[in-house]
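Results of the structural survey
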Amino acid sequence: MKVLLVGPLLFPIHGQSLAFTRFVDSFDTNEKTVINTNAEGLPLVLKLLTNFKNLAQILWFTSFYRFDVVYFTCSRSILGSFKDVFLIYLASKKNVRIINHLHGSDFYEFLHDVPKLYRKILFSAYSKVGVSIVLLERMKEQFKDFDNMQIEVIPNFYDKEMDADFIEIKSDVKKIVYLSNVMASKGIFELISAFKELSESYNSIKLTIAGDFISDQNMNYEQVKSKFFSEVHSSENINYVGKVYGEEKVKLLQNSDIFILPSYYVSEAFPISILEAMACKNAIITTNHKYLPDVVTEENGLLAEPKSAASLSKCIKDLLDNFELLETMKKNNRLHAREKYSLEKYLFRLKALIKIK
């Protein structure tokens with residue numbers, strides 16, 4: 001079986017590029033043809049050039065190569081969706097089975113917010129998609145407009161490096177970690193505010209922040225970076241370590257007690273970082289936003305209200321004041337991640353869906 005795989009490869013690293021790369025790597029060379037669509041963080045001119053390159057690759061491969069399956073990770077921007085529409089139409093003309101994988105939580109909103117004429121084009125294109133994959137049962141609603149589309153649920157995964165031998169360092173200090181892109185809508189400033197307030201009452205807590213600065217709809221790159229260093233420079237208990245990968249990331253998560261992602265990011269769905277933190281024996285604090293309550297239940301952690309430093313502070317305090325609850329969550333999460341969210345399970349489900357053994 002021959003598969004055309006269209007999506008973002010590493011690097012830059014984010015949940016979708018990690019998931020796509022791991023899937024691509026699971027194929028033998030003679031089974032796959034890959035088109036890399038990753039333009040994250042590039043200037044607009046380079047994004048346009050990348051998109052034109054992808055369109056040319058799609059035309060070339062669908063015209064001169066035979067494929068049994070086309071697998072793509074759908075975009076939720078007008079620029080990116082041009083590529084998806086082009087791919088779907090060309091593949092459908094060849095009677096190729098088309099599988100779409102949604103990693104975000106805003107496809108339905110995107111579909112209904114575009115201009116009416118382009119919406120008709122998108123509806124026409126996606127009606128030709130045989131299967132769409134979502135990360136959670138409730139996410140099926142993202143494709144509720146397409147009655148004939150088969151919708152499958154395949155949960156996200158934690159990366160295989162988190163299965164490294166667990167080395168726990170005993171300490172009286174409770175360690176809190178934030179590991180994600182440093183951007184306003186991921187709740188980083190609410191977290192800093194809550195932590196600084198708690199530091200006045202708790203002497204034995206430390207916060208480590210890992211990730212790269214990135215713009216969003218609230219702040220551009222320079223604004224978020226400037227505000228971040230202005231907020232943290234006076235706190236001895238906040239440590240910024242930048243981007244971390246591999247063994248460094250594993251050690252950071254293994255030596256933490258509470259993982260916090262206070263996100264209100266517009267397309268937040270099922271963050272891999274939460275699963276990685278669970279696998280490394282962390283209790284989780286996140287927000288009651290989008291599909292996050294479907295990922296983090298009362299057995300895994302606590303939910304704060306989005307954009308609320310006060311609510312976040314209360315959640316952290318509840319775990320710091322209840323040692324037994326904290327330890328129970330940590331132990332449960334390590335087992336929970338291994339039972340449900342291993343990379344092997346993720347790849348097996350995907351391969352079974354496209355009928356590759």
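Residues numbered from 1 in each chain as written. Predicted model: local features only at pLDDT ≥ 70, side-chain atom pairs only at ≥ 80, totals over all residues. Heavy atoms only, no water.

What follows is about helix H11 (residues 309-320). Its 12 residues give H11 an end-to-end C-alpha distance of 16 Å, which sits within 8% of 16 Å, the value for a rise of 1.5 Å per residue. The set of residues buried in H11 consists of Ser311, Leu312, Ser313, Cys315, Ile316, Leu319 and Leu320. (Helix = DSSP H or I, 4+ residues; strand = E, 2+ residues; numbered from the N terminus. Expected span 1.5 Å × (residues − 1). Buried < 20%, exposed > 50% of the residue type's maximum accessible area, 1.4 Å probe, protein only.)

A few words now on the sheet that holds strand S12 (residues 301-304). Strand order in the open sheet formed by six strands is S9-S8-S7-S10-S11-S12, and the pairing between neighbours is parallel. If you trace the sheet from one side to the other, it starts and ends with strand S9 (238-242) and S12, each paired once. Across the sheet, the mean angle separating the axes of adjacent strands is 20° when strand polarity is ignored. The pairing of strand S11 (residues 283-287) with S12 spans four bridges and is parallel. Bridging across to S12, Ile284 finds its partner in Gly301. (Pairing = 2+ DSSP bridges. Axes fitted to C-alpha atoms, helices over the stretch in contact; angles between N-to-C directions.)

In this section: the sheet that holds strand S6 (residues 150-153). Through backbone hydrogen bonds, the strands of a sheet pair up, either in parallel or in antiparallel fashion. Read across the sheet, six strands follow the order S2-S1-S3-S4-S5-S6 without closing on themselves; strand pairing throughout is parallel. Strand pairing shows two members of the sheet lacking a second neighbour, strand S2 (32-36) and S6, which therefore form its edges. Averaged over all pairs of adjacent strands, the angle between their axes in this sheet comes to 20°, without regard to strand direction. Sheet analysis places strand S4 (residues 97-101) next to strand S5 (residues 131-134), joined by three bridges and oriented parallel. Considered in S5, the bridge of Asn100 is made with Ser132. Helix H3 (residues 78-93) rests against strand S1 (3-7), strand S3 (69-73) and S4 of the sheet, and its axis sits at about 170° to S3. (Contact = heavy atoms within 4.5 Å.)

Let us look at unusual backbone geometry. Residues Leu10 and Phe11 are joined by a peptide bond in cis, for which omega reads 0°. For Phe11, the location among the structural elements is in the loop between S1 and helix H1 (15-25). The backbone of Asn95 sits at a positive phi, close to 60°, despite the residue not being glycine. Among the secondary structure elements, Asn95 is positioned in the loop between H3 and S4. Its identity as a non-glycine residue notwithstanding, Lys281 has a phi of 70°, on the positive side. As for its position among the elements, Lys281 is in the loop between helix H9 (272-279) and S11.

With five of its five residues buried, S1 lies for the most part within the structure. Of the two faces of S1, the one lined by Val3, Leu5 and Gly7 and the one lined by Leu4 and Val6 are each fully buried. Here S1 runs beside S2; their pairing, made up of five bridges, is parallel. Paired with Val3 across the strands is Lys32, a residue of S2. With respect to chirality, the unit in which S1 leads through H1 into the neighbouring parallel S2 is right-handed. Across four bridges, the pairing between S1 and S3 is parallel. (Right-handed = clockwise from strand over helix to strand, strands pointing away.)

This part takes up the packing of aromatic side chains. Think of a pair of aromatic rings as described by two things: how far the centres are apart, and how the planes are tilted against each other in angle. Following the criterion strictly, the structure yields 22 aromatic pairs and no others. Here Phe123 and Phe146 contribute two aromatic rings whose centre-to-centre distance is 5.4 Å and whose plane-to-plane angle is 35°, an arrangement assigned as tilted. In this pair, Phe123 is assigned in helix H5 (residues 116-126) and Phe146 in the loop between S5 and S6, connecting sequence segments 23 residues apart. Assessed through its relative accessible area of 8%, Phe146 is described here as buried. Taken together, a centroid distance of 5.6 Å and an interplanar angle of 85° make the contact between Phe270 and Tyr341 edge-to-face. Remark: Tyr341 occurs in the loop between helix H12 (323-340) and helix H13 (343-353) and Phe270 occurs in the loop between strand S10 (258-261) and H9; sequence separation between them is 71 residues. Of the two residues, Phe270 and Tyr341, neither departs from the other in class, the shared state being buried. Joined through ring pairs, the aromatic side chains of Phe72, Phe107, Phe123, Tyr126, Phe143 and Phe146 make up one cluster. Across the ring face of Tyr108, the terminal group of Lys144 is positioned such that the distance to the ring centre comes to 4.7 Å. Against the face of Phe27 rests Lys351, its NZ or CZ located 4.7 Å from the ring centre. (Phe/Tyr/Trp six-rings, centres within 6.5 Å; stacked < 30°, edge-to-face > 60°. Lys NZ or Arg CZ within 6 Å of the ring centre and 35° of its normal.)

Inspection of the secondary structure puts His101 in strand S4. On a C-alpha basis, the gap between His101 and Gln16 in space is 9.7 Å, while along the polypeptide they are 85 residues apart. Discounting residues that sit within four places of it in the chain, His101 has contacts with Tyr71, Phe72, Thr73, Cys74, Ile133, Leu135, Tyr346 and Leu350. Side-chain polar atoms of His101 contact the side chain of Tyr71, separated by 2.6 Å. (Polar contact = N/O pair within 3.5 Å; in protein donor to acceptor, adjacent residues only side chain to side chain.)

So, on to the environment of Glu327. Structurally, the position occupied by Glu327 is in helix H12. The class of Glu327 is buried, set by a relative accessible area of 15%. Sequence separation between Glu327 and Lys281 is 46 residues; the distance between their C-alpha atoms is 9.0 Å.

Let us now look at the packing of helix H2 (residues 44-64) against H3. At a minimum axis separation of 10 Å, H2 and H3 run at an interaxial angle of 5°. Judged by the inter-axis angle, H2 sits roughly parallel to H3. Contacts between H2 and H3 pair Lys47, Leu48, Asn51, Asn54, Leu55, Ile58, Leu59 and Thr62 from the former with Leu79, Gly80, Phe82, Lys83, Phe86, Leu87 and Leu90 from the latter. Grouping the amino acids of the contact of H2 with H3 by side-chain chemistry returns nine nonpolar, four polar and two charged. (Parallel < 35°, antiparallel > 145°, perpendicular 65-115°, else oblique. Nonpolar A, V, L, I, M, F, W, Y, C, P; charged D, E, K, R; others polar.)

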